[in-house]
Amino acid sequence: MSVRRTTATLLAVLAFLPAVPAHAAAPEKPDQIVAAWSKDRVYVDERLRPAMPEVELTRIRAAAKAADFPVYVALVPQTPYLREVLYDLPTLLQARTGEPGLYVVEVVSDGYWHGVEELYRPGGLKGKTLTSVRAEDKQRLDLDTNRPAPDVIRTIQQAQTAYDGRPLPPVAAADLEPERPSRGESVTDQEDRATFIGMGIGGVLSFVLTLLLAFRRKRHRRPSATQAAGKRPNVYTEEIRRQADSMIKRATQAVKRIENKPQPTLEQLDRRDDANRRLAAARKLRADDPDDLLAVAGALVLARQAERGASGATVQPPCFFDPTHKPGTQQVRWDDVEVPACKVCAARMAKDQTPRGLHVKSVPYWTLDPKKSALVATGFGALSDDLPERIIARAEDRR
Ligand SMILES: [Zn+2]
């Protein structure tokens, strides 16, 4: 009965995920933002104002004021319209103001903030690009994404470095992700996390052997028998498959938007290539076996990453415990490795409870043989970011 109830709850939650809009209205939004900027260069969408702490805005304004160029910020919620134009929004806005400066659109979606940005230099192009500074900034992933200020302030600092070459300051302690367990971070950890920082830009793909070895040992550590609650109804696989297909469509559209640009930037082309790499693997997984929960969950993860990357957002690793959860924005220590986890699973780990995890054939997927599945071996890409290559390279990916 608990399985049925869990599934029902899950489906109820899934029903609230945003659907793909056929047509997205509200093109007046950029005009609204630009009009508001004439009074205050930190625009806050009216829907966000009641809940927006003043201290966030004060900090953003202070950082903007300290910059050597004008800074325009818009804090907005994710909407169907925004999803369509997000990647172009800084350009659309700058075209309306006609002013040089840094344009940051910070979007909140599912409680997480992420931004798109563009730097229009007053003195023309010189020095480093903002993109390259961002790609090299190892602290980017440590930012607290529960609030808008950390990413906006970091983007302003990165733009300043791109502008005059000054070194990037360390991220303020208050802007780092909270609740991170104390970590004796090894070089291996750093390399592993670094694969998620420059994703699609440097094309860095590392395969972290020590993590994998530790990971394999876990196969023998099964969770308590009460957690192995029988086969999930097929309806669950169907729901994940539907989500994966919907996300593949959205990612394809996001790639097309880049390709339709008359003059895409190098960063946009890199993002397109990275998204295509993930999309090809997602499509292959979907074509392989429509009834395999592992395959459809893998397709969902890769398509979601492709959609985010092609839309200008940071590509995030999945939640290691269950790739159908929200992305793994927290790092949790599990035995001797650190794995990305969603907030819910991270909260369970903090209480010393192992998350239930994605179950296949009544067991958590991570207890399956990693030699037989790239999805299992990489934790759906949570442990290493070479999943697309491994999917494409393999004639088949079967349990
Ligand atoms: Zn999770």
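Our structure is the block above this text.
How each quantity is defined
- Residues numbered from 1 in each chain as written.
- Predicted model: local features only at pLDDT ≥ 70, side-chain atom pairs only at ≥ 80, totals over all residues.
- Helix = DSSP H or I, 4+ residues; strand = E, 2+ residues; numbered from the N terminus.
- Buried ≥ 20, exposed ≤ 12 C-beta atoms within 10 Å, placed from the backbone.
- Contact = placed C-beta atoms within 7 Å.
- Axes fitted to C-alpha atoms, helices over the stretch in contact; angles between N-to-C directions.
- Parallel < 35°, antiparallel > 145°, perpendicular 65-115°, else oblique.
- Left-handed = near helix turned anticlockwise from the far one by under 90°.
- Nonpolar A, V, L, I, M, F, W, Y, C, P; charged D, E, K, R; others polar.
- Pairing = 2+ DSSP bridges.
- Right-handed = clockwise from strand over helix to strand, strands pointing away.
- Core = buried A, V, L, I, M, F, W, Y, C linked by C-beta atoms within 7 Å.

S.K.: Can you help me understand the overall build of the chain in this one?
M.R.: Counting secondary structure elements, the chain contains 15 helices and 8 strands. Residues counted as buried form 42% of the 399 residues belonging to the chain. Sequence-distant contacts in the chain: of pairs separated by 6 or more residues, those separated by 24 or more amount to 67%.

S.K.: Help me understand the packing of helix 2 (residues 29-37) against helix 5 (residues 89-97) in this model?
M.R.: Between two packed helices, the angle of one axis relative to the other and the distance separating the axes together describe the packing. At a minimum axis distance of 10 Å, the contact between helix 2 and helix 5 shows a crossing angle of 55 degrees. Comparing their axes, helix 5 and helix 2 come out oblique. Regarding helix 2 and helix 5, the two cross each other, and that crossing is right-handed. Facing P30, I33, V34 and W37 of helix 2, the residues of helix 5 in contact are L89, L92, L93, R96 and T97. Of the residues that constitute the contact of helix 2 with helix 5, the class distribution is 7 nonpolar, 1 polar and 1 charged.

S.K.: Before we go on, may I ask you to explain the pairing of strand 2 (residues 71-77) in this structure?
M.R.: Within a regular strand, side chains alternate between the sheet's two faces. Across the 7 residues that make up strand 2, a large majority, 6, are buried. Summarising the sheet, strand 1 (residues 42-44) and strand 2 pair through 3 bridges and their orientation is parallel. The residue of strand 2 that forms the bridge with V44 is L75. Each parallel crossover has a hand, and for strand 1 linked through helix 3 (residues 54-66) to strand 2 it is left-handed.

S.K.: Mind showing me how you'd approach the environment of Q157 here?
M.R.: Turning to its location among the elements, Q157 is positioned in helix 7 (residues 149-164). As a C-alpha pair, Q157 and P170 span 13 residues in sequence and 9.7 Å in three-dimensional space. When neighbours within four sequence positions are excluded, Q157 is seen to be in contact with L168 and P169.

S.K.: What's the story with the nonpolar core in this structure? I'm lost.
M.R.: In a soluble, globular protein the nonpolar side chains are often hidden away together inside. Membership of the largest hydrophobic core comes to 49 residues, with the highest contact counts inside it found for A251, A282, A297, A299, L300, A303 and A341. Looking at this core element by element, the count peaks at 12 residues for helix 12 (residues 293-310). Beyond its immediate stretch of four places on either side in the chain, A299 contacts A244, I248, A282, L285 and R286.

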